[in-house]
Amino acid sequence: VQLSDPMAADLVADVRLDDVQTTASGYTIPMAHVRLPVHVKDRRLNILPADSLGGSMVEVLDGTADLTGAVDLDSYLHSTLDLHVKNVQLSNLPRAKRPPDPQLKDLAGLVNVDVHLEKAPLLLIAAHAAPPSTRPSDPPPSPLRTVPLDGKWGNGTVRVTDARLAGLELIQKLGNFD
């Protein structure tokens, strides 16, 4: 590996984690396992199918999530990715909220997601999706926010079945990007 240009190297990693937790937005979510086989070559991160490591990529909330594809390690992280979430049980989510939120007690349903991205500029998408600063202490907006977000770069389907969604704000600050 050339330390002056590590992403030009040929690297292979098979990451395996068991009984881990992740914390985000006040939730501590247990994951039975994480399997992440990756290969970096020619400035491209290839995310390989996790079944070669003994299961789905992530087992979480009694469901699974699998991500495969490639991320070009360029200035915008152009990516071709497929995400499949199967049978994640929303009824397990309230137990992960810290501190507990009584409004979430009626949450139930199965979540299934299929998303395909084709040459999607991940850094541009993130810059355009970030909410604008509202306080002086907020970090300044990304300079990438001024770069136009062109073209079609993906599609997807989200299905929530047998659902009770009382107390859950499903969509926050979602709108068209200029």
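None of these values were measured; they are calculated from a predicted model.

Enquirer: Even after reading the chapter, I still don't get unusual backbone geometry, so can you show me in this structure?
Expert: Excluding glycine, most residues fall at negative phi; most peptide bonds, likewise, are trans. The backbone of D62 shows a phi angle near 60°, a positive value even though the residue is not glycine. Within the secondary structure layout, D62 lies in the loop between β4 (58-60) and β5 (63-72). Here the phi dihedral of L77 falls at roughly 55°; this positive angle occurs in a residue that is not glycine. Topologically, L77 is positioned in the loop between β5 and β6 (78-89).

Enquirer: Honestly, the pattern of salt bridges in this entry has me stumped. Any pointers?
Expert: Here the idea is simple: oppositely charged side chains can pair when their charged atoms come close. Enumeration over the complete set of coordinates arrives at 4 salt bridges. Residues R35 and D18 are paired through a salt bridge, measuring 2.9 Å at the closest nitrogen-oxygen approach. Taken as a pair, R35 in strand β2 (residues 27-41) and D18 in strand β1 (residues 11-24) lie far apart in primary sequence, 17 residues in all. When its relative accessible area of 10% is taken as the criterion, R35 is described as buried. Judged by relative accessible area, D18 falls into the partly exposed class, the value being 46%. For D138, the salt bridge identified is with R135, shortest N-O distance 3.1 Å.

Here is what the cut-offs are and how they apply
- Residues numbered from 1 in each chain as written.
- Predicted model: local features only at pLDDT ≥ 70, side-chain atom pairs only at ≥ 80, totals over all residues.
- Heavy atoms only, no water.
- Helix = DSSP H or I, 4+ residues; strand = E, 2+ residues; numbered from the N terminus.
- Salt bridge = Lys/Arg side-chain N within 4 Å of Asp/Glu carboxyl O.
- Buried < 20%, exposed > 50% of the residue type's maximum accessible area, 1.4 Å probe, protein only.

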